[in-house]
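Below are the chains, spelled out letter by letter.
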Amino acid sequence: MRKKSTETFVDSPNPSASNEANNHIKCFLGLITRCKDEFFIKEFCDYYLSQGVDKIFVIDDNSNDKSIYNNLNDDRIEIIYEKDIIKNNYANQLYKQIQSKFKWIIYCDVDEFITTKKDITNTIKEELNTTFKDVDCIKVPWVMMSCNSKEKNPNSILAENTYRWNHDKKHPDYRCSKFRCRYDKIEVKCIFKTDKFNSIWDHHPKENADDICIVDSIRNEEQQLDPFYENLRETDIKNGFLLCYHYRIISRENSMNKLQHNFWYIKHGYTIDDLMSCDYPEILDETLKHKS
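Residues numbered from 1 in each chain as written. Predicted model: local features only at pLDDT ≥ 70, side-chain atom pairs only at ≥ 80, totals over all residues. Heavy atoms only, no water.

*Asks:* Can you walk me through the pattern of salt bridges in this structure?
*Replies:* Opposite charge on two side chains makes pairing possible when the charged atoms of those side chains draw close. Going through the model one piece at a time under the given rule, you end up with 17 salt bridges. A salt bridge links K189 to E112; the shortest N-O distance between them is 2.6 Å. Of the two residues, K189 sits in strand β9 (residues 185-193) while E112 sits in strand β6 (residues 112-116), which places them 77 residues apart along the sequence. Of the two residues, K189 and E112, neither departs from the other in class, the shared state being buried. A salt bridge links E234 to R164; its shortest N-O distance comes to 2.8 Å. Residue E234 is found in helix α6 (residues 234-239), and its partner R164 is found in strand β8 (residues 163-164); the two are separated by 70 residues along the sequence. (Salt bridge = Lys/Arg side-chain N within 4 Å of Asp/Glu carboxyl O. Helix = DSSP H or I, 4+ residues; strand = E, 2+ residues; numbered from the N terminus. Buried < 20%, exposed > 50% of the residue type's maximum accessible area, 1.4 Å probe, protein only.)

What follows is the structure, given as structure tokens:
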């Protein structure tokens, strides 16, 4: 039987509280993300704050255009300016600094939007307090979004990019694993309890305690701690508790910007054809258009 926590949780830090009191108070849900020149960072932050996130830490990876942060006037959002964050594994460094301040952490990129689905009027926080209150880590599979050959950046990716892959279909592999078919298995992002994990990787936490419960976000069934969910299908997307809508291809304009400024894309010599090879506008899905 799991022990009941004696900690107190608040929606946001209380700077006026005494140091002694703060030792016993945690925020409920924090989020770490990485951003490089992504014009929709405000939309990302607004969305997750609406879902019950108490504090967002944005690690800026030496963006060329810092004006993307001009309208983020909210003390629940902290911008951290760093360089070579992947090489230096800075997200993990930050996690170690803040993990004691939160009960739950989400670690995802700015093009990844986790949403409730089965009970769509719920927030992420409400699902953590009910469906997943007795687990330690939730593996949330991607749903691959499409830009439908959009040339220019949209004003709102959630309102305007409403087409996605059909996950009942197989798609041809293209050049490398990043652009592969995801019919058999697809990547996940995780929401996890900080007292069970000491470090984070891109797709899941690591260095877990012995007594731990890991589940998927579709059926709330026990899973292994790895980066994948197997055999995601349309019925899972319709009925799952949580999904992670992944807007990798937002527009040709955004893709060209990645090719010019993103070290990972430059290093591997990817082309606009490589990125657009994943643009499969097969199903109209307005889940996040309505939810946002």
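*Asks:* Would you explain the side chain of D136 in this entry?
*Replies:* By the secondary structure assignment, D136 is in the loop between α4 (124-129) and β7 (137-146). Exposure remark for D136: the relative accessible area of 3% places this residue in the buried category. From its side chain, D136 meets the backbone nitrogen of C213 in a polar contact 2.7 Å long. (Polar contact = N/O pair within 3.5 Å; in protein donor to acceptor, adjacent residues only side chain to side chain.)

*Asks:* In this structure, what is going on with the pairing of strand β11 (residues 205-208)? I would like to understand it.
*Replies:* Successive side chains on a regular strand alternate, one facing one side of the sheet and the next facing the other. Pairing between strand β10 (residues 197-200) and β11: three bridges, direction antiparallel. Counted as the bridge partner of F197 is N208 from β11. (Pairing = 2+ DSSP bridges.)

*Asks:* Hey, could you run me through the layout of surface pockets in this one?
*Replies:* If you roll a probe as big as a water molecule over the atoms, it shows you where there is empty space left. Space inside the largest pocket adds up to approximately 1,000 Å³. If you trace the largest pocket, you find 35 residues lining it, with R34, I86, D109, N262 and W264 closest to the centre. Taken together, the elements giving at least two residues each to the lining of the largest pocket come down to β2 (25-35), β9, α7 (252-261) and α8 (263-268). Considering every element that reaches the lining of the largest pocket, the biggest residue donor is α8, with four residues. Among the residues making up the lining of the largest pocket, the classes are represented as eight nonpolar, seven polar and 20 charged. (1 Å grid on protein atoms, 1.4 Å probe; cavity = no way out; pocket = protein on both sides within 12 Å on 5 of 7 lines; lining within 4 Å. Points joined across faces, edges and corners; volume = space filled by probe spheres on them. Nonpolar A, V, L, I, M, F, W, Y, C, P; charged D, E, K, R; others polar.)

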